[in-house]
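# Examination of the molecular architecture
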Amino acid sequence: MMESVTLILAAFLTSTLSAVIGMGGGVTLLAIMAMVMPDGYLVVAYHGIIQLVSNVTRTTVYRNEINFPLLARFSKGIIPGLFAAAGIVYGLIQYFDVSSASELKIDFLKPLIGIYIIWFLYLRKKNPISDKSFLWMGGISGLVTVFVGAAGPLIAPFFISRDMKKESVIATKAACQAIGHMGKMPIFIFLFGVNYIKDWSVILPLILAVYIGTKFGKGILGKIPEAIFKKIFRIALTLIAIRLILLNLI
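Residues numbered from 1 in each chain as written. Predicted model: local features only at pLDDT ≥ 70, side-chain atom pairs only at ≥ 80, totals over all residues. Heavy atoms only, no water.

## Let's talk about the side chain of S75
One can find S75 in helix α4 (residues 68-96). Looking at S75, its side chain comes within polar contact range of the main-chain oxygen of L71, at 2.8 Å. (Helix = DSSP H or I, 4+ residues; strand = E, 2+ residues; numbered from the N terminus. Polar contact = N/O pair within 3.5 Å; in protein donor to acceptor, adjacent residues only side chain to side chain.)

## Topic: empty space enclosed by the protein
Using the criterion set out here, one finds 3 cavities of 30 Å³ or more in the structure. Volume-wise, the largest cavity comes out at about 90 Å³. If you go around the largest cavity, you meet 18 residues; those closest to its centre are G24, G26, V27, G152 and Q177. Those elements that provide at least two residues to the lining of the largest cavity are α2 (25-36), α3 (40-61), α7 (152-160) and α8 (166-190). Here the residues of the lining of the largest cavity are counted per class, giving 5 nonpolar, 11 polar and 2 charged. (1 Å grid on protein atoms, 1.4 Å probe; cavity = no way out; pocket = protein on both sides within 12 Å on 5 of 7 lines; lining within 4 Å. Points joined across faces, edges and corners; volume = space filled by probe spheres on them. Nonpolar A, V, L, I, M, F, W, Y, C, P; charged D, E, K, R; others polar.)

## Some points on the packing of helix α1 (residues 2-21) against helix α9 (residues 200-221)
Interaxial distance between α1 and α9 falls to 7 Å at its minimum, and their mutual angle equals 35 degrees. Crossing of α1 against α9: the hand is right-handed. Within the contact between the two elements, α1 uses L7, I8, A11, F12, S15, T16, A19 and V20 and α9 uses P205, L206, A209, V210, I212, G213, T214, F216, G217, K218, I220 and L221. The residue inventory of the contact of α1 with α9, partitioned by class, reads 14 nonpolar, 5 polar and 1 charged. (Axes fitted to C-alpha atoms, helices over the stretch in contact; angles between N-to-C directions. Left-handed = near helix turned anticlockwise from the far one by under 90°. Contact = heavy atoms within 4.5 Å.)

## Observations regarding the nonpolar core
Of all hydrophobic cores here, the largest spans 81 residues; its most connected members are M33, V89, F192, V194, Y196 and F229. Those residues in contact with F229 that lie beyond four places of it in its chain are V20, I21, K166, V169, I170, L221 and I224. (Core = buried A, V, L, I, M, F, W, Y, C linked by side-chain atoms within 4.5 Å. Buried < 20%, exposed > 50% of the residue type's maximum accessible area, 1.4 Å probe, protein only.)

## So, the packing of aromatic side chains
Here the structure, examined in full by the defined rule, presents 8 aromatic pairs. Ring centres of F134 and F158 lie 5.8 Å apart, and the angle between their planes is 80 degrees; on these two criteria the pair is classed as edge-to-face. Within this pair, whereas F134 is found in helix α6 (residues 133-147), its partner F158 is found in helix α7, the two being separated by 24 residues in sequence. The two residues F134 and F158 agree in class, both being buried. Through pairs of rings, three or more aromatic residues link up here, namely W119, F120, F134, W136, F158 and F159. (Phe/Tyr/Trp six-rings, centres within 6.5 Å; stacked < 30°, edge-to-face > 60°.)

Given below as structure tokens:
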């Protein structure tokens with residue numbers, strides 16, 4: 001009972017966080033779920049459908065602010081990325097001669113994502129990010145979302161480098177992530193043996209919590225100036241990167 005209450009409260013608070021600054025909620029919820037739930041693959045699978053609702057809700061709430069050209073480029077990349085992820089998972093099943101991907105443990109990508117974020121924010125040459133970059137970033141995101149669960153920190157630097165309003169950042173990024181979460185569901189159903197319908201009693205309360213949290217967070221966002229939003233976004237991204245590096249390498 002206590003575990004369920006903890007997860008529901010976490011889902012509400014993290015979705016509120018994502019609605020306010022556009023990120024942070026997904027990876028935070030993933031960490032909390034990993035502490036409460038024993039099976040890593042179920043954490044990623046359940047987190048995916050919960051974040052799908054959270055991202056779809058944010059996309060709907062800010063639908064008039066979506067940058068559709070960027071979303072289209074990202075979508076063209078993420079679809080082959082998801083197919084590549086499915087191919088890798090199937091190959092690992094054959095290589096290790098296991099009956100299901102649920103028997104595999106893959107978590108080495110998390111610290112690499114943290115290192116990438118630090119490099120992107122502070123070490124790289126500050127060249128303009130072209131629209132075409134969202135194509136290959138979509139492909140990488142398609143791979144990462146299956147193995148890590150939360151690809152938001154990976155693609156977030158691309159949005160902060162653009163001259164976009166805070167609402168547009170949140171709307172477009174949420175739409176991009178929704179595609180990834182939706183696309184990986186068949187992978188977890190067919191290759192990991194996850195039964196989302198059977199586990200509805202666990203998933204439904206969390207879905208309702210993220211929906212309410214997103215609506216609540218929208219009201220807070222409207223009170224934050226653009227300059228402050230970008231600073232908060234950058235600080236949150238840095239803290240997430242440090243967490244990904246330290247908790248998975250030490």
